[in-house]
Amino acid sequence: MSAKLANIYESLLRKYGEKYTITYKMAPTYINNIIGVNDLKKILQIFFCFIYIVEFKERSNPELDDSVSLSKINIKKNKKADLDLTGSPLRDDCEVDTIDDDIYINDAHLICANPWKLDEEWHKGITLESARGIICSPSFQLCPAAKESVGSVWFLCLPHDVKKTLLLQYEFTSKGFSRGIVHYMGLLSAKAITTQSLLKDHFFAVGVESTSIETEIENIYQIKNNITIRCSWSTVSPLPPLIDLSTCDVILKQTFRTDSCHPLTDDFLNQLRILISIREDILSFKKSEDSDIIREPISEVRENINKAMLEMAEILPTHSTECDIEDVIQNAKLRRFNDLTDNLWEILKRCSSYKNLKLAFNVLFQSAARSNIVNTPANKNRLAEIITEIANRRLAIPCLSGSEPLELLLEIGSEKLYKDYEYIFVESKICSANDLRTKARQDHKEDEATVLNVRKSLRNAVFQPENTAVRKTLLQNDRKTSNDQDDLVGFKNSTFDESESGQTLAKLFQIHCTLEHVIIMHINLNLSNAYYEIFDQLLRRAPRTIDQIHDSLIDEIEIPLSAHYIRDHLQGKDPRSRRISVTSSDKFRQVKSTFYFNMTNICPANILQIPNFEVRFVLRNIRAQQKR
């Protein structure tokens, strides 16, 4: 908090705090919409002055029932054919598979989506004269701290004047000061919104036409409830078009919820949930040494394990033709695995308890020691290495202790799930296996120089007399030297590391979220040519930590795209919201008029005292900055 701005806040609070509510925190939702994302970042702190309504009876609409929240009032679609609003439901001739009209037509969607917070419905404005009196008072403008302060004061007004003034703003800047005023312009037809009319309104506020003028235009298209496309550009043209899909900057914003993933990918997310649960069991076991994992019971463990080890591994065909990603995901769920440890994951994950899991591993090791394995493990995990050493008679049957059975299960499950994702991305031609491997590679690489080259022989396990150099064998546990430093010897049944396992699962979740976002784009936009670009951007993000992964998690992305990817999809479609800023300046001041058009109400109903919710808000914000 700026100390100078805090002094202004304290002076306002002392003078007007008993009559008005003055807050010093985040601005209300509708102010954020009016300011815009870019301008909001420049404002460090915001005061907001209003009257807080304690009861519904004090509102200007006494006929509303006290138990009804204004955010839940039904919003009906305007059925007039001649009111094709900017930000209106997209035209009837649009492609259903490209743009979803139902999100506008279905009232239920509009009822559930509350654009403002509940406490913001209890705001009531002060009179315009009172707000102007505070702003124009010498004690406010000539405050000693004002010259060095940075921030804004916003006044919510009662729109009783002719221009329906909603908000007044006074912003302290390092270069001087800035004043703003927001008017409600009412319901407008899309045909009435033209560059000429907006420029005319702007110059009317300026008072004189300026030769230097800049226009910034931002159009937001709503594809689905969780997908928006923002197209923005700036121009110095005297009459710029309101839509430019050729040179605009495109930002795709998309939201994925873990509790509503695509049915095709639900199995993979469940596998990840199982892995996270196993890791939690491992950590719990290490703390309490008393862990019991609950899974679906396994039946005929010995028979299934022997079958997995003795079946001939299939050579999976490689598809040379391009496949639809949905078909590839379905194939990934139905395909047979060609590696032993992948098959073992499907068997061992069904064990009903820690005791049964430990027994299953014992059966597995005995089977490896007594039979010639046909399906030799090709994976590089520790379980594959143990099975190979036992089968080659270079390692005695190990006795797993502590959390080692869970650790081996976690490792083979993580590797199998990664191979599922790799199959999907590679077979759908989104990326190569090397690309995915590079993106998913962890920063905590094992230092190959520290890996010991141990001779693998049972003869190394014989008893060594005292004062004889200890030979490093596969059967020895880690020993402590005289100076209490670790001497890495022998063969460990598991290489579990708490930090590394957490990073591995977090990366797998990031890959899954990437897959979900690609599927959403595929179904709604079909941007097949942009999939690799999208994949590359999404996997460059920092993954979440393991404790942040839960069923109610929302993964939101904003990624830039080339304009040509979305041009055909949006051509001829009206945006859901539009923001147009016209800026002109002379020697003494700069004036910026911002016209904000939106299909949904951006303010609670009581602010404008509107008896019904069928209107749509169109705002005009004029801000004049005085230069020093």
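Residues numbered from 1 in each chain as written. Predicted model: local features only at pLDDT ≥ 70, side-chain atom pairs only at ≥ 80, totals over all residues. Heavy atoms only, no water.

**With respect to the overall build of the protein chain**
Scanning the protein chain from terminus to terminus reveals 20 helices and 15 strands. Here the protein chain holds 628 residues, and the buried ones make up 50% of them. Sequence separation of at least 24 residues holds for 72% of the intrachain contacts in the protein chain that already meet a minimum separation of 6. As displayed, the protein chain offers around 32,100 Å² of accessible surface, 50% of which is attributable to carbon and sulfur atoms. (Helix = DSSP H or I, 4+ residues; strand = E, 2+ residues; numbered from the N terminus. Buried < 20%, exposed > 50% of the residue type's maximum accessible area, 1.4 Å probe, protein only. Contact = heavy atoms within 4.5 Å. Areas by Shrake-Rupley, 256 points an atom, 1.4 Å probe, with all protein chains shown as cover.)

**A word on the pattern of salt bridges**
As enumerated under the stated definition, the model contains 18 salt bridges in all. The closest approach of N and O atoms between Asp267 and Lys333, which form a salt bridge, is 3.7 Å. One end of the pair, Asp267, is in helix H9 (residues 266–288); the other, Lys333, is in helix H11 (residues 325–334), with 66 residues separating them in the sequence. Between Glu422 and Arg437 there is a salt bridge; the shortest N-O distance is 3.7 Å. (Salt bridge = Lys/Arg side-chain N within 4 Å of Asp/Glu carboxyl O.)

**Here we look at the confidence of the model for the protein chain**
A residue-level look at the protein chain finds 70% of positions with pLDDT of 70 or above and a mean pLDDT of 75. Ignoring residues within four places in sequence, the model shows residues 54–112, a span with pLDDT below 50, making 115 contacts including any to other chains. (pLDDT = per-residue confidence, 0-100.)

**Some thoughts on the environment of Asp435**
Topologically, Asp435 is positioned in helix H16 (residues 433–440). Between the alpha carbons of Asp435 and Glu422 there is a distance of 9.7 Å; along the sequence they are 13 residues apart. Side-chain polar atoms of Asp435 contact the side chain of Ser432, separated by 3.0 Å. (Polar contact = N/O pair within 3.5 Å; in protein donor to acceptor, adjacent residues only side chain to side chain.)

**Things to note about the environment of Cys261**
Relative to the helices and strands, Cys261 resides in the loop between strand E9 (249–257) and H9. The class of Cys261 is buried, set by a relative accessible area of 14%. Spatially, the C-alpha atom of Cys261 lies 9.2 Å from that of Cys513, the residues being 252 residues apart in sequence. Not counting chain neighbours up to four residues away, the residues in contact with Cys261 comprise Phe256, Asp266, Leu269 and Glu516.

**Description of the side chain of Ser353**
Mapping Ser353 onto the fold places it in the loop between helix H12 (340–348) and helix H13 (354–370). With a relative accessible area of 14%, Ser353 lands in the buried category. A polar side-chain atom of Ser353 sits 3.2 Å from the main-chain amide nitrogen of Asn356.

**As for H16**
Along H16, the residues that are buried comprise Leu436, Lys439 and Ala440. Taken around the axis of H16, the buried residues stretch over an arc of 90°, which confines them to a single face. Here the buried face of H16 lies against helix H15 (404–427), helix H17 (498–524) and helix H18 (531–539). (Arc of directions from axis to C-beta.)

**Overview of the pairing of E9**
The two faces of the sheet receive side chains in turn, since in a regular strand these alternate between them. Of the pairings in the sheet, the one linking strand E8 (residues 227–235) to E9 comprises six bridges and is antiparallel in character. Bridge pairing links Ile229 to Leu252 in E9. (Pairing = 2+ DSSP bridges.)

**Here we look at the packing of aromatic side chains**
Aromatic rings considered in pairs are described by the distance between their centres and by the relative angle of their planes. Evaluated as defined, the whole model comprises six aromatic pairs. Their ring planes at 50° and their centres at 5.4 Å tell us that Phe425 and Phe535 sit as a pair that is tilted. With Phe425 in helix H15 and Phe535 in helix H18, this residue pair connects regions lying 110 residues apart in the sequence. Exposure class is identical for Phe425 and Phe535. Each is buried. Cluster of aromatic residues (ring-pair linked, three or more members): Phe425, Tyr532 and Phe535. (Phe/Tyr/Trp six-rings, centres within 6.5 Å; stacked < 30°, edge-to-face > 60°.)

**Quick notes on the pairing of strand E5 (residues 165–173)**
For E5, the tally of buried residues reaches nine of nine residues, placing the bulk of the element in the interior. With six bridges joining them, strand E4 (residues 151–156) and E5 adopt antiparallel strand pairing. Bridge assignment links Leu156 to a residue of E5, and that residue is Leu167.

**Section: the packing of H13 against H15**
Any two packed helices are characterised by the angle at which their axes cross and by the distance between the axes. Where H13 contacts H15, the axes come no closer than 9 Å and their chain directions differ by 75°. Here H13 is positioned roughly perpendicular relative to H15, judged by the angle of their axes. Where H13 approaches H15, its residues Tyr354, Leu357, Lys358 and Phe361 are matched on the opposing element by Pro405, Leu406, Leu408 and Leu409. The residue makeup of the contact of H13 with H15, split by class, is seven nonpolar, no polar and one charged. (Axes fitted to C-alpha atoms, helices over the stretch in contact; angles between N-to-C directions. Parallel < 35°, antiparallel > 145°, perpendicular 65-115°, else oblique. Nonpolar A, V, L, I, M, F, W, Y, C, P; charged D, E, K, R; others polar.)

**Examining H15**
Taking 1.5 Å per residue, 24 residues should reach 34 Å; H15 reaches 35 Å between its end C-alpha atoms and fits that length. Within H15, 21 of the 24 residues are buried, which leaves it mostly tucked inside the rest of the structure. Remark: Lys429 follows H15 within two positions and exhibits a positive phi of approximately 65°. (Expected span 1.5 Å × (residues − 1).)

**Comments concerning the packing of H13 against helix H14 (residues 382–391)**
At a closest axis distance of 7 Å, the pairing of H13 and H14 adopts a crossing angle of 40°. Comparing the axis directions of H13 and H14 gives the class oblique. Judged by the twist between their axes, the crossing of H13 over H14 is right-handed. In contact with Phe361, Leu364, Phe365, Ala368 and Ala369 of H13, H14 contributes Leu383, Ile386, Ile387, Ile390 and Ala391. Of the residues contributing to the contact of H13 with H14, the split by class is 10 nonpolar, no polar and no charged. (Left-handed = near helix turned anticlockwise from the far one by under 90°.)

**Observations regarding the environment of Ser552**
With respect to the helices and strands, the residue Ser552 is situated in the loop between H18 and strand E12 (554–561). For Ser552, a relative accessible area of 46% corresponds to the partly exposed category. When the C-alpha positions of Ser552 and Thr258 are compared, they lie 6.1 Å apart, and in sequence the two are 294 residues distant. Beyond its immediate stretch of four places on either side in the chain, Ser552 contacts Arg257 and Thr258. At a separation of 2.9 Å, a polar atom in the side chain of Ser552 contacts the side chain of His550.

**What to know about the state of the cysteines**
Within this structure, the stated rule accounts for zero disulfides. No disulfide involves Cys261; its nearest neighbouring cysteine sulfur is the one of Cys513, lying 10.0 Å away. (Disulfide = S-S within 2.5 Å.)

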